[in-house]
Amino acid sequence: MHDIRLLRDQLDHLREGMRRRGKLEELAPVLDRAETLERERRTAITELEAQQARRNKVTQEVAQRRKAGDDAAELIAEGRAIGETIAGLEARRQEAEAAVQRMLYELPNITLPEVPEGDESNNRIVSSWGTPRTDGESLTAHWDKGAELGILDLARGAKVSGSGFIVYRGAGAKLVRALMNMMLDLHTTEHGYEECWVPVVVNRTTMTGTGQLPKFEDDMYALNEEGMFLIPTAEVPVTNLYRDEILELSDLPRGLCAYSPCFRREAGSAGKDTRGLLRVHQFDKVELVRYATPETSRDELERLTREAETVLERLELPYRRLLLAAGDTGFSSAMTYDLEVYAPAVGKWLEVSSCSVFTDFQARRANIRYRPAPGEKPRFVHTLNGSALAFSRIIASIMEHHQQADGTVRIPAALQPYYGRATL
RNA sequence: GGACAGGUGGCCGAGUGGUUGAAGGCACCGGUCUCGAAAACCGGCAUACCGGCAACGGUAUCGUGAGUUCGAAUCUCACCCUGUCCGCCA
């Protein structure tokens with residue numbers, strides 16, 4: 001969420017931000033109304049408060065007369081009349097405030113200057129690691145390999161829940177457990193993160209804090225119980241941990257990591273891109289979340305992204321880092337790197353991580369602040385997060401990239417202590 | 001799920017209809033004292049918003065929302081949360 005003051009004096013800045021995302025056409029009507037709405041909001045407040053001040057005076061006068069034993073009937077009648085006026089003005093204020101709030105909730109974050117303009121065709125590959133296999137033709141796709149090895153049971157997942165719900169069996173289930181432990185150990189022992197285990201069901205306020213709501217309710221699994229949702233990422237509960245709190249400067253930067261299952265409806269159609277483990281409704285992920293000061297948040301993004309890349313290097317999977325163009329950058333994000341890993345049999349690069357700095361966009365929504373120095377006013381923190389990593393596509397990539405001539409799948413050295421064997 | 005008890009400022013904790021934004025304490029900031037520190041003493045110390053170049057003025061905020069009233073931290077209702085006991089349960 002943006003600072004409401006931008007609607008007054010930085011509308012051009014907001015317009016430019018929307019233009020860079022390619023959203024100007026869509027959002028121009030909204031922004032055109034912004035100035036009027038904001039002026040109306042302030043007018044309503046001013047008028048309301050003037051009447052409230054009047055009422056407070058009258059009320060005090062009543063008290064004084066009562067005390068002195070004088071008659072106050074006239075004043076009481078006046079107070080009653082003011083009360084009716086106030087009720088009307090209050091309704092108007094609420095309406096104006098809600099209108100501005102709705103508008104603010106609709107506007108995505110403004111990307112950093114170094115983020116390229118335009119849609120995803122302007123995404124930039126900024127670095128890469130390892131060498132993708134070129135013999136994909138001769139490899140077995142992960143969905144077939146998974147069935148062959150008996151570690152993926154897609155049919156029964158579909159039976160139990162629906163398409164896009166995966167059952168891992170035997171060695172596959174153990175692989176999930178191994179990945180989880182390997183990643184969490186790496187981040188806690190080498191990268192300095194505190195491990196958290198968090199709820200996967202959260203309330204509406206929490207979903208709003210990180211920016212999923214109100215705009216993306218359709219992407220979410222909502223529970224029948226009023227206002228509860230399954231999380232699409234551990235980012236949601238972990239970032240909200242410090243909602244409505246003021247952190248000490250000495251707490252920053254701070255890193256939290258958490259494993260969680262992630263639930264996404266992603267109303268996508270079936271087809272090649274959704275086959276096997278490519279796009280599923282429930283997947284597992286280890287998430288990194290960082291709280292930083294505005295001064296360091298940009299550097300923190302590099303650090304966070306490197307930490308995610310480290311996982312891929314330990315898994316010996318070739319990857320590339322993309323700097324997303326403004327139009328492809330998530331709603332709340334100011335700058336995002338995607339990490340993609342190659343699946344040679346599928347012949348596609350798969351997104352396995354998305355590392356973002358949100359500047360103060362989430363912090364303002366969730367009201368997460370820090371005190372720069374004792375006695376100073378609190379400021380909003382900057383939040384960051386990144387997947388490190390999402391399992392399902394990693395598993396797909398492992399099954400394809402580490403496929404050996406004899407049909408077995410090699411387990412990378414760093415994972416072997418957790419998995420217990422050298423092959424799947 | 002049921003029965004009680006409770007939610008007040010950064011923290012603890014008074015306060016049951018009228019200068020209560022809210023006693024007192026702690027913490028914090030400034031000062032006196034001290035070689036220095038501690039202690040003691042003095043003073044300061046909420047947040048957000050509106051108007052104003054500013055000085056400053058105003059409004060709101062005692063879990064949330066609605067209601068009663070000229071006036072609500074205080075009374076009424078609903079909801080949320082916490083604690084304790086009971087029930088149920090992996």
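Sequence positions are assigned chain by chain, starting from 1 and proceeding in written order. Numbering of ligands from 1 and lettering of chains from A proceed in the order in which they are written. It should be noted that, the model being predicted, local features are given only for residues of pLDDT at least 70 and side-chain atom pairs only at 80 or more, the latter also being counted only at that level, while totals for whole chains, interfaces and linings use all residues. The side-chain quantities take in all heavy atoms of the structure and omit both hydrogens and water.

Student: How do you make sense of the packing of aromatic side chains when you look at a structure like this?
Tutor: What characterises a pair of aromatic rings is the spacing of the ring centres plus the angle enclosed by the ring planes. Geometry of aromatic contacts follows a simple scheme: Phe, Tyr and Trp rings, the Trp one being its six-membered ring, pair when their centres are within 6.5 Å, and the pair is stacked under 30 degrees between planes, edge-to-face over 60, tilted otherwise. On inspection of all chains with the given rule, the structure shows eight aromatic pairs. Between Phe216 and Phe331 the ring centres are 5.4 Å apart and the planes differ by 80°, which places this aromatic pair in the edge-to-face class. With Phe216 in the loop between α8 (204-209) and β4 (228-230) and Phe331 in the loop between β8 (319-323) and β9 (335-343), this pair connects stretches of sequence that are 115 residues apart. Judged by centre distance (5.8 Å) and plane angle (80°), the ring pair of Phe331 and Phe361 falls under edge-to-face. Residue Phe331 is found in the loop between β8 and β9, and its partner Phe361 is found in helix α11 (residues 361-366); the two are separated by 30 residues along the sequence. Here's how the labels work: a residue is buried when its accessible area is under 20% of the maximum for its type, exposed when over 50%, partly exposed in between, all with a 1.4 Å probe on protein chains only. According to the relative accessible area criterion, Phe361 is buried, its value standing at 1%. Members of the aromatic cluster, connected to one another through ring pairs, are Trp197, Tyr259 and Phe391. Distance and angle both matter: a charge sits over a ring if NZ of Lys or CZ of Arg is within 6 Å of the ring centre and within 35 degrees of the ring normal. For the cation-ring pair, Lys174 lies above Tyr419, with the distance from its terminal atom to the ring centre recorded as 6.0 Å. The ring centre of Tyr337 lies 4.4 Å from the NZ or CZ of Arg321, which sits over that ring. Note on conventions: DSSP H or I runs of at least 4 residues are helices, E runs of at least 2 residues are strands, and numbering of each starts at the N terminus.

Student: What is the right way to read the packing of helix α7 (residues 171-190) against helix α12 (residues 391-401) from this model?
Tutor: The angle between two axes is taken between their N-to-C directions and runs from 0 to 180 degrees, where each axis is a line fitted to C-alpha atoms and a helix contributes only its stretch in contact. Where α7 contacts α12, the two axes come as close as 11 Å, and the packing angle between them is 110°. One element, α7, and the other, α12, form an angle in the roughly perpendicular class. Our pair here, α7 against α12, has a crossing hand that is right-handed. Counted together, Leu175, Val176, Leu179, Met180 and Met183 of α7 and Phe391, Ile394, Ile395 and Ile398 of α12 form the full contact between these two elements. Classification used: nonpolar for Ala, Val, Leu, Ile, Met, Phe, Trp, Tyr, Cys and Pro, charged for Asp, Glu, Lys and Arg, polar for all others including Gly. Its residues assigned to classes, the contact of α7 with α12 comprises nine nonpolar, no polar and no charged. Should an angle fall under 35 degrees it is called roughly parallel, over 145 degrees roughly antiparallel, and 65 to 115 degrees roughly perpendicular, with every other angle called oblique. Helix crossings get a hand from a simple test, with the near helix turned counterclockwise from the far one by less than a right angle marking a left-handed crossing and a clockwise turn marking a right-handed one. Only heavy atoms matter for contacts: two residues are in contact if any of them lie within 4.5 Å across the pair.

Student: Which parts of the structure should I look at to understand the sheet that holds β8?
Tutor: Each strand in a sheet pairs with another by means of backbone hydrogen bonds, the pair being arranged parallel or else antiparallel. Read across the sheet, eight strands follow the order β1-β8-β9-β10-β13-β7-β6-β2 without closing on themselves; strand pairing throughout is mixed. Both edges of this open sheet fall to β1 (124-129) and β2 (194-196), since each of them pairs with a single strand only. Strand-to-strand twist in this sheet, taken as the mean axis angle between neighbours without regard to direction, amounts to 25°. Contacts between helix α10 (residues 297-314) and the sheet are confined to β1, β7 (282-292), β8, β9, β10 (348-357) and β13 (382-390), with β13 contributing the most and set at about 10° to the helix. Any two strands between which DSSP finds at least two bridges are classified as paired.

Student: Where do I start with the protein's contact with RNA strand B in this structure?
Tutor: The full set close to RNA strand B counts 19 residues, and Arg8, Thr46, Gln52, Arg66 and Arg80 are the nearest of them. Taken together, the sugar and phosphate atoms account for 70% of what RNA strand B places within 4 Å of the protein. Polar contact is defined as a pair of N or O atoms within 3.5 Å, subject to the rule that within protein one atom must be able to donate a hydrogen and the other to accept it, and that residues adjacent in sequence are counted only when both atoms are side-chain atoms. Contact between RNA strand B and Thr59: a base nitrogen at 3.2 Å from a main-chain N or O atom of the residue. One of the side-chain N or O atoms of Arg80 is found 2.6 Å from a phosphate oxygen in RNA strand B. Residue assignment for the surface near RNA strand B shows that the elements contributing at least two residues are α3 (24-68) and α4 (73-106). Take the surface near RNA strand B: its biggest share by element is 13 residues, from α3. The class makeup of the residues in the surface near RNA strand B is five nonpolar, six polar and eight charged. In this text, near means that some heavy atom of the residue lies within 4 Å of the molecule or strand in question.

Student: Teacher, can you tell me more about the pattern of salt bridges here?
Tutor: When charged atoms on two side chains of opposite charge get close, those side chains can pair. Salt bridge, as applied in this entry: a Lys or Arg side-chain nitrogen positioned within 4 Å of an Asp or Glu carboxyl oxygen. Going through the model one piece at a time under the given rule, you end up with 36 salt bridges. The residue Arg93 makes a salt bridge to Glu90 at a minimum N-O spacing of 3.0 Å. Here Arg93 and its partner Glu90 are both found in helix α4, three residues apart, which amounts to about one turn of the helix. Taking the relative accessible area as the measure of exposure, Glu90 reaches 23% and is therefore partly exposed.

Student: Whenever I open this one, helix α5 (residues 142-149) confuses me. Can you help?
Tutor: Within an α-helix, residues lying three or four positions from one another point in the same direction, as the helix has 3.6 residues per turn. Among the residues making up α5, those that are buried are His142, Trp143, Lys145 and Gly146. For α5, the buried positions fall inside an angular range of 165° around the axis, keeping them on one side. Facing away from the buried side of α5, by more than 90 degrees, are the exposed residues Ala147 and Glu148. Check the buried side of α5 and you find it contacts α6 (154-160) and α12. This arc corresponds to the set of directions leading from the helix axis out to the C-beta atoms.

Coordinates in, geometry out; function isn't part of it.
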